[in-house]
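A closer look at the structure
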Amino acid sequence: MSVSNTERLRLDDRDIKILSILQREGRIPKAALAERVNLSATPCWERLRRLEDAGIIESYQAQISLKAFGPVTIVFVPIEIENHRSDDFARFEKAIAAIPEVVECWAVGGGMDYICKLIVRHLDDYQRLINDLLAREIGIKRYYSYVVTLPIKDEPLPVARLAASQE
């Protein structure tokens, strides 16, 4: 069962606390999670299963430190495509999905069609990747490169604020 716009799971304070804790501590033992949200193990486990079944918790994963790999370059790339037919969007999206260095890509409104986040070792690697994309003729009309010079903030979702806005 996944959450739709019409039938959202009602989240109470304990659900919100569970979600907030799991975003930061995905490997927390269930007993410790239950204690932190002031529940016994079984009701906590049932809430966790309900959140998973509803699609609110999509997965559990490790957050890997980029520092472990030495210097890397992060580049945000707004992209405008040449034509705005569904086939053109599909061709671009298929090509982008196959590139491991493109770690995130969003379709956006307001001047550009997509914003992509790329992570590469060096700026030269980024330039080779862009040159390859342009040579493949996947419909890129214009792009801009914004190299990250200093990460300032990277936080989990503000679960409590988002849940409050549902009411």
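Calculation notes
Residues numbered from 1 in each chain as written. Predicted model: local features only at pLDDT ≥ 70, side-chain atom pairs only at ≥ 80, totals over all residues. Heavy atoms only, no water. Salt bridge = Lys/Arg side-chain N within 4 Å of Asp/Glu carboxyl O. Helix = DSSP H or I, 4+ residues; strand = E, 2+ residues; numbered from the N terminus. Buried < 20%, exposed > 50% of the residue type's maximum accessible area, 1.4 Å probe, protein only. Pairing = 2+ DSSP bridges. Phe/Tyr/Trp six-rings, centres within 6.5 Å; stacked < 30°, edge-to-face > 60°. Contact = heavy atoms within 4.5 Å.

Points about the pattern of salt bridges
Any two side chains of opposite charge can pair if their charged atoms end up close together. All chains considered together, the criterion is met by twelve salt bridges. A salt bridge links Asp15 to Arg50; the shortest N-O distance between them is 2.9 Å. Here Arg50 lies in helix α3 (residues 41-53) and Asp15 lies in helix α1 (residues 13-24), a separation of 35 residues in the sequence. The class for Arg50 is partly exposed, based on a relative accessible area of 28%. A salt bridge links Lys141 to Glu80, with the shortest nitrogen-to-oxygen separation between them at 3.7 Å. Of this pair, Lys141 sits in strand β4 (residues 140-143) while Glu80 sits in strand β1 (residues 73-81), and the two are 61 residues apart along the sequence.

Re the pairing of strand β3 (residues 114-120)
The element β3 is largely enclosed, with a buried count of five among its seven residues. Here β1 runs beside β3; their pairing, made up of seven bridges, is antiparallel. The partner of Thr73 across the bridge, within β3, is Val120. Taken together, strand β2 (residues 102-107) and the strand that follows it, β3, pair antiparallel across an intervening segment of six residues, in which Gly110 is found at a positive phi of about 105 degrees.

Structural notes on the packing of aromatic side chains
Counted by the stated rule, this structure contains two aromatic pairs. Aromatic pair Phe89 and Tyr114: ring centres 6.2 Å apart, planes at 65 degrees, arrangement edge-to-face. Taken together, the residues span a long stretch of sequence, with Phe89 in helix α4 (residues 86-97) and Tyr114 in strand β3 at a distance of 25 residues. An aromatic cluster is built from Phe89, Phe92 and Tyr114, whose rings are joined through pairwise contacts.

Structural notes on the environment of Leu133
Its location among the elements puts Leu133 in helix α5 (residues 123-135). Along the backbone, Leu133 and Cys105 are 28 residues apart, and their C-alpha atoms lie at a distance of 15 Å. Among all residues touching Leu133, those that are not within four sequence positions of it are Ile96, Ile99, Ile138 and Ile140.

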